[in-house]
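Okay, here's what each chain looks like letter by letter:
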Amino acid sequence: MGSEAELRDSAFPSWGLGTKHELLDMHDREGPMANAVIVEGVRTPFVKAGGPLTDVPAPELGRMVVRELLDRANLDPHTVDELIAGNVASPADSANVARVIALRCGMSRASIAHTVNRNCASGMESVTEAVARVESGAARCVIALGVDSMSNIPVFWKKKFGEKLFAVVKSRNLAQKLGALGRFRPSDFQPQVGIEMGLRDPVSGLMMGDTAEKLARTYDISREEQDEFALRSHLRAADAWKEERLSGETMTAYAGRKSMPVEQDIGPRDNQSLTALAKLKPYFDRRWGTITVGNACQVTDGAVALLIMDEETAKIHGLEPLGRIRGSAYAGCDPSVMGLGPVYASAKALKASSMKLSEMELVEINEAFAAQVLACLKAFENPPEDCEAYEDRTLLGPLDPEILNVNGGAIALGHPVGATGTRLVLTALKELQRRNQRIGLATLCIGGGQGAAVIVERIAA
Amino acid sequence: MPLMWHYGEPVDGILHVRIDREDRPVNSFSRATLEELRDLLVHVRNHDTIRGVLFRSGKPGNFIAGADVTEMKDVDREGAREVSQLGQKVFDQLAAAKVPTVALISGACLGGGLEFAMACQYRLADDRSKTKLGLPEVKLGLIPGWGGTVRLPKLMGLIDAMPMILTGKMLNGFQARSKGLVNDVLPHEGLERAGVQVLTSGLPKMRVRKRPLWKRLMNGWGVLQKYAINQAEKQVRRTTHGHYPAPLLALKSFRAQATSGTDAGYDVEVDAIAELSGSPVTRELMRLFFLSEAAKKPPADLKAEPNADALTDAAVLGAGAMGAGIALLLAQKDVWTRLKDINPQMVSAGLQTIHKQLDSSVARKRMTPLQRTRTLDRIRPITDYSGLKRTNLVIEAIIEDLDIKRQVFRDLAEATGPETVLATNTSSLTVSEIAEGVPSPQRIVGLHFFNPPHQMPLVEIIRTSQTSPEALATAFAAVQKLGKTGIIVGDCAGFLVNRILAPYMNEAGYLLEEVADPLEIDRAAVEFGMPMGPLKLADLVGLDIAAHVAENMFAAYGDRMKPAPLWEKLGEMRQKSGGGKRLLQGKGKKKQLAPDVTATIEQLRRAAPSGIGAALSRQDIIQRLVYPVINEAARCLEEGIASCAEDVDLAMVFGTGFAPFRGGPLQYADTVGAKQICETLDQYAESMLRMTPAAALRTLADDEGKFHDESSAALPAA
């Protein structure tokens, strides 16, 4: 009876077993730094929160997509040294959701995993961190994951409610109990919606939508312009599905007890129209505002995984790289105009890799709000003073809308907060491959006043 | 040097006893180990320094597996009586020990092992899945003979104890705790410390859930006890048809206890053991037990190693009931399993089947919700071939269509790794014809699971002339991993089990035309010891499928398997109406043939008046049904489809439920005698050519040999 078998029977579930994959000793390494390449990527369909993936919590979503990724690459889970997951909603039952997913997918117990949170860019953070781990030589094979189940963001009770409830439980006799019960007020019963709390920036006190309203006012972006942009997103996403441009990056998810197959993104509407969009009431500023649920991103469930290896390891496993990260940057800005994050981050990333926006063949800007993307386009041409591109106007400049979000964006597909960053990298690489082009930019704004940008480069076979 | 009970000086007043048989891989009770336990108890009595005794096993995965079966097999009646009395006495002494005793149960705690544990003052079990508690003596045709029929009802109450003893049901630690059989369940590594604590300061305070009122009443009140015993007896007779004396004797012990107190139970046990030991039923059941144990090791002539140290990755093609069932079996054994079908809807249907089964396991506490998640995590639903490169084994369970199957195997040859073993679960095609034209046919085997796969213990492993030993070894290891009995058989239509069963089913069609009371056929078969009659079986399989199988057999074996005219006719009618309707209608006394079946029989009788007439006794019916089975089995042996008579017996008992107490068809043949069977078949053959004895059977009859005789082990090749 081997000790391995003994352990297998032990009370704690042993999701993964096997020999430890030996890490490359970074000190023994000679020659240049390792080259990190993105080998494969896949995502679940993005599904509107409350839709068919409602019963699939984040760990399960992540497990599905990582298993799919491993099998698509025909890779032994024990080959993976590390899993990094971007996740914002933080499921209460999985403090470090990355580790839970890694073990449930059969990765070695000796492998490591951690969860990163840079709010909306968590999924991009997982990618840049994975690349850094490989390039430093600390790991040879890393899975970068972005996952969020916004259907499963809990509703909270007020602190006061909890305290009063505790008083009832603690009371020793009927009189005390009745007294404690009597202290409840109707307002105590009002639930605190977790998602609403998550979407408010506690520093500026603004809802995310309010920051977009501010951009719409500052950059003078009309309701009509926003609705037009939203419509464009829907039509492009719907077309992309019709022409099977997105099916290459998605898997079929089987949801819940009914195992209902979900084969496509649920969000894009090919029957979306300007008239329908125009009918929607402004959501955040009910009287004077322009932001509606129609021209803002959808609240969504989804997971995206990328397999990142050093070039040599990919070769050993007979895997052809899809592309690499040519450069990346995170940049901070005023939280009340967090929507301009892409402008700051793109300038920083381009400058660091000595490139210019005009060299980009494809650009993905996350569509948190139509107004926010449109503001970014204007700011690209006319950057704010505290942006690196203010001095060096050649860094950014005008962007051809034809190469922007060619398969639609979060307004149609949705924005599972922790997953979107990973999706942008995947979508950009797959689209570059389809178009047989080389270089693209993926960038997004981050609630709390930051931006993230990566320059992706395809490695042609 | 002690044989099984190892101990040193007491530590802080507690004697730590390690149960570890020196001469066997598992712990078991023999006369010698019982006597050694008796001496140990004397030692405890004589030493005042010992204030408690703690028993634990020194063998991982095994507490005490029961009585020593190899010793039991050779013991005579008087010997059995003595050992039973000895055991009762020793366990009584244990129960009466002046100091507290505790059994730390990890692994199999069965039969005598549980009787021993029940005689201890406390029992603590661990939470491992290997930990099983039960009294499975009935499965060997025996009953607990060391006080088990008395102590179990005392601990669990009569209502819960009866099914344990009558069916040999086993419990895991948690189930045992909720039934009151053990005091508590702990993580494995915490057992010993808890044992010491219990011996020094008693059980910690815990809330014990009371049994429901009706159970307490039934357990405690004499009149109700007797009613429960009577009901159980009815149930036993209904399911065993009086073929198995053991459960009835166990009931006798319960009854004696209910009327004249617990001591009466001990005496009944001793008498029962004496009566059962060496009885034909016990002998056959034990023989089957040994055969199934032997079948766990690969046959001696299979020298190759499996393609991997362990089956870690597999795929199942086809998410129908069979495919989903097999995928679930694999996943439960921690195998990463891909479940493929041609579209997401069909995959989804398969997943739902799996969900349902898992949910019911969780509801019955056979599985924790965590284990369910763990199992589901191992199943990856797919509609493509992704991930198959890494699999050790792929099992195909798709539609029974030769062209589609061939295409799938051609695809598989490409989609899988060079060492992946490709198995088909076909039942109506041969493996060779599927493998035809497929690259690397040496990787292809048959793995014929029986329906439903989670219940049926048998898997036929089919080798073709091209199958490599490595592929066969991999398939064999996989079947072992799934906890099934695998029998390696040759490739032919119907393989071993369905081929042998075919003449039996077919003959039922002829008999239907001939007998006056058609229900007599099923009654005769059940009386013989089959789990159900051929008519009921045909309904269960589905008439259209049965007709399809019959056509296949006819095509492969010619006239002797020509479908009976009635089957042919009904098959046509059913195929036209799209299957569905059954042969039999109604239940109990209202059971009868469906009207259109009766009409068809009348029609056939008018067209060709049968020569044999309606005066067939049950004995005649049995001979007509079972002798062709033996005949076909003899052919399988002479063709090398089965490698020995033991394989035939085991396969037929595990695959079809063929009268286990008769030891399988060939063991039965040896009991009757080849000569008599051959003569009877010859007589039949005068009017029914299909009954002509096989050459092998005739040779055996001429030599007055036996299928299982050492000297006839190698049958003369025809």
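Residues numbered from 1 in each chain as written. Chains lettered and ligands numbered in written order. Predicted model: local features only at pLDDT ≥ 70, side-chain atom pairs only at ≥ 80, totals over all residues.

Engineer: Is there a simple way to think about the overall build of chain A in this case?
Structural biologist: For chain A, the count of helices and strands is 16 helices and 14 strands. Relative to a compact globule of 461 residues, whose C-alpha radius of gyration would be 23 Å, chain A shows 23 Å and is just as compact. Viewed in the frame of its principal axes, chain A has a C-alpha envelope of about 75 × 70 × 40 Å. Of all 461 residues assigned to chain A, the portion counted as buried reaches 53%. Sequence-distant contacts in chain A: of pairs separated by 6 or more residues, those separated by 24 or more amount to 82%. (Helix = DSSP H or I, 4+ residues; strand = E, 2+ residues; numbered from the N terminus. Rg over C-alpha atoms; globule rule 2.2 N^0.38 Å. Buried ≥ 20, exposed ≤ 12 C-beta atoms within 10 Å, placed from the backbone. Contact = placed C-beta atoms within 7 Å.)

Engineer: What should I look at first to understand the interface of chain B and chain A in this one?
Structural biologist: Put simply, an interface is often sized by how much accessible area is lost when its parts join up. Contacts between the two partners involve 26 residues from chain B and, on the opposite side, 22 residues from chain A. At the level of secondary structure, the elements contributing two or more residues to the side of chain B that touches chain A comprise α15 (344–363), α16 (369–377) and β13 (379–382) of chain B. Broken down by element, the residue count for the side of chain B that touches chain A peaks at seven residues, all from α15(B).

Engineer: Got a minute to help me understand the domain arrangement of chain B in this structure?
Structural biologist: All names here are of chain B. What the domain assignment lists for chain B is domain 1 (5–278), domain 2 (313–490) and domain 3 (497–703). Each of domain 2 and domain 3 has a C-alpha centre, and the two are 31 Å apart. Of all the secondary structure elements, the ones that give two or more residues to the side of domain 2 that touches domain 3 are β17 (458–463) and β18 (485–490). Element by element, the count of residues in the side of domain 2 that touches domain 3 is highest for β18, at five residues. Class assignment of the residues belonging to the side of domain 2 that touches domain 3 gives a composition of six nonpolar, four polar and one charged. (Domains from an automatic or database assignment. Nonpolar A, V, L, I, M, F, W, Y, C, P; charged D, E, K, R; others polar.)

Engineer: Explain the confidence of the model for chain B to me, please; I cannot follow it from the model alone.
Structural biologist: Note: predicted coordinates in regions of low pLDDT should not be interpreted at a detailed level. Residues and elements named next belong to chain B. Averaged over every residue, the pLDDT of chain B is 91; the share at 70 or more is 97%. Mean pLDDT values for the elements of chain B range from 78 in helix α24 (residues 565–576) up to 98 in strand β14 (residues 393–396). Confidence drops under pLDDT 50 across residues 711–718; counting only partners more than four residues distant or on other chains, this segment forms 15 contacts. If you check the scores for this complex, the pTM reads 0.89 and the ipTM reads 0.87. (pLDDT = per-residue confidence, 0-100.)

Engineer: Would you explain the environment of Phe450(B) in this entry?
Structural biologist: Residue and element names in this part refer to chain B. Tracing the chain through its elements places Phe 450 in the loop between β16 (444–449) and β17. Overall, Phe 450 belongs to the partly exposed group, with 19 C-beta atoms counted inside 10 Å. Sequence separation between Phe 450 and Thr 167 is 283 residues, and the spatial gap between their C-alpha atoms is 22 Å.

Engineer: Can you help me understand helix α6 (residues 158–167) of chain B in this one?
Structural biologist: Given 3.6 residues to a turn, an α-helix orients residues that are three or four positions apart in the same direction. Residue and element names in this part refer to chain B. Burial analysis of α6 places eight of its ten residues in the buried class, which makes it a mostly covered element. All buried positions along α6 are accounted for by Leu 158, Ile 159, Asp 160, Ala 161, Met 162, Met 164, Ile 165 and Leu 166. Looking at the packing, one finds that the buried side of α6 touches β8 (132–134), α5 (148–156), α9 (213–220), α10 (222–240) and α11 (245–260). Note on α6: the residue one or two positions beyond its end, Gly 168, has a positive phi of about 75 degrees.

Engineer: Would you take a moment to explain α15(B) for this structure?
Structural biologist: The first and last C-alpha atoms of α15(B) sit 28 Å apart over 20 residues, in line with the 28 Å expected at 1.5 Å per residue. Considering only its buried residues, α15(B) is in contact with β8 (253–255) and β9 (260–262) of chain A together with α14 (321–332), β12 (336–340), α16 and β13 of chain B. Among the residues trailing α15(B), Lys365(B) stands out with phi positive, at a value near 60 degrees. (Expected span 1.5 Å × (residues − 1).)

Engineer: Just to check I follow, could you spell out the pairing of strand β4 (residues 112–116) of chain A for this structure?
Structural biologist: Residues in a regular strand point their side chains to alternate faces of the sheet. Residue and element names in this part refer to chain A. Counted residue by residue, β4 has four buried out of five residues, so it is predominantly covered. As judged from the five bridges shared by strand β3 (residues 82–86) and β4, these two strands associate in the parallel manner. Residue pairing for β4: Gly 86 is matched across the bridge by Val 116. At this point the chain moves from β3, through helix α3 (residues 97–104), to the parallel β4, and the crossover so formed is right-handed. (Pairing = 2+ DSSP bridges. Right-handed = clockwise from strand over helix to strand, strands pointing away.)

Engineer: Please clarify how the domain arrangement of chain A should be interpreted in this entry.
Structural biologist: Residue and element names in this part refer to chain A. By domain assignment, chain A separates into domain 1 (3–154 + 300–316), domain 2 (158–192) and domain 3 (208–244 + 278–295 + 325–458). Each of domain 1 and domain 3 has a C-alpha centre, and these two points are 27 Å apart. When residues in the side of domain 1 that touches domain 3 are grouped by element, the largest group, eight residues, is from helix α4 (residues 122–135). For the side of domain 1 that touches domain 3, a count of residues per class yields 15 nonpolar, eleven polar and six charged.

Engineer: Would you take a moment to explain the sheet that holds β16(B) for this structure?
Structural biologist: Each strand in a sheet pairs with another by means of backbone hydrogen bonds, the pair being arranged parallel or else antiparallel. All names here are of chain B. Spatially, β13-β12-β11-β14-β15-β16-β17-β18 is the arrangement adopted by the eight strands of the open sheet, whose pairing is mixed. Here the strands that pair on one side only, and so sit at the sheet edges, are β13 and β18. Strand-to-strand twist of the sheet, defined as the mean angle between neighbouring strand axes without regard to direction, takes the value 25 degrees. Summarising the sheet, strand β15 (residues 421–424) and β16 pair through three bridges and their orientation is parallel. Across the sheet, the residue bridging to Thr 424 is Gly 446, located in β16. Relative to the sheet, α14 contacts β11 (313–317), β12, β13, β14 and β16, its axis offset from that of β12 by approximately 170 degrees. Helix α27 (residues 645–656) contacts β17 and β18 of the sheet and is inclined by roughly 125 degrees relative to β18. (Axes fitted to C-alpha atoms, helices over the stretch in contact; angles between N-to-C directions.)

Engineer: What am I meant to see in the nonpolar core here?
Structural biologist: If you look at the biggest cluster of nonpolar residues, it comprises 358 residues, and the most contacted ones within it are Leu145(A) and Ile461(B). In terms of residue count, the dominant contributor to this core is helix α26 (residues 618–639) of chain B (ten residues). Apart from residues lying up to four places away in sequence, Ile461(B) is in contact with Val445(B), Gly446(B), Leu447(B), Leu472(B), Ala475(B), Phe476(B), Val479(B), Gly486(B), Ile487(B), Ile488(B) and Val489(B). (Core = buried A, V, L, I, M, F, W, Y, C linked by C-beta atoms within 7 Å.)

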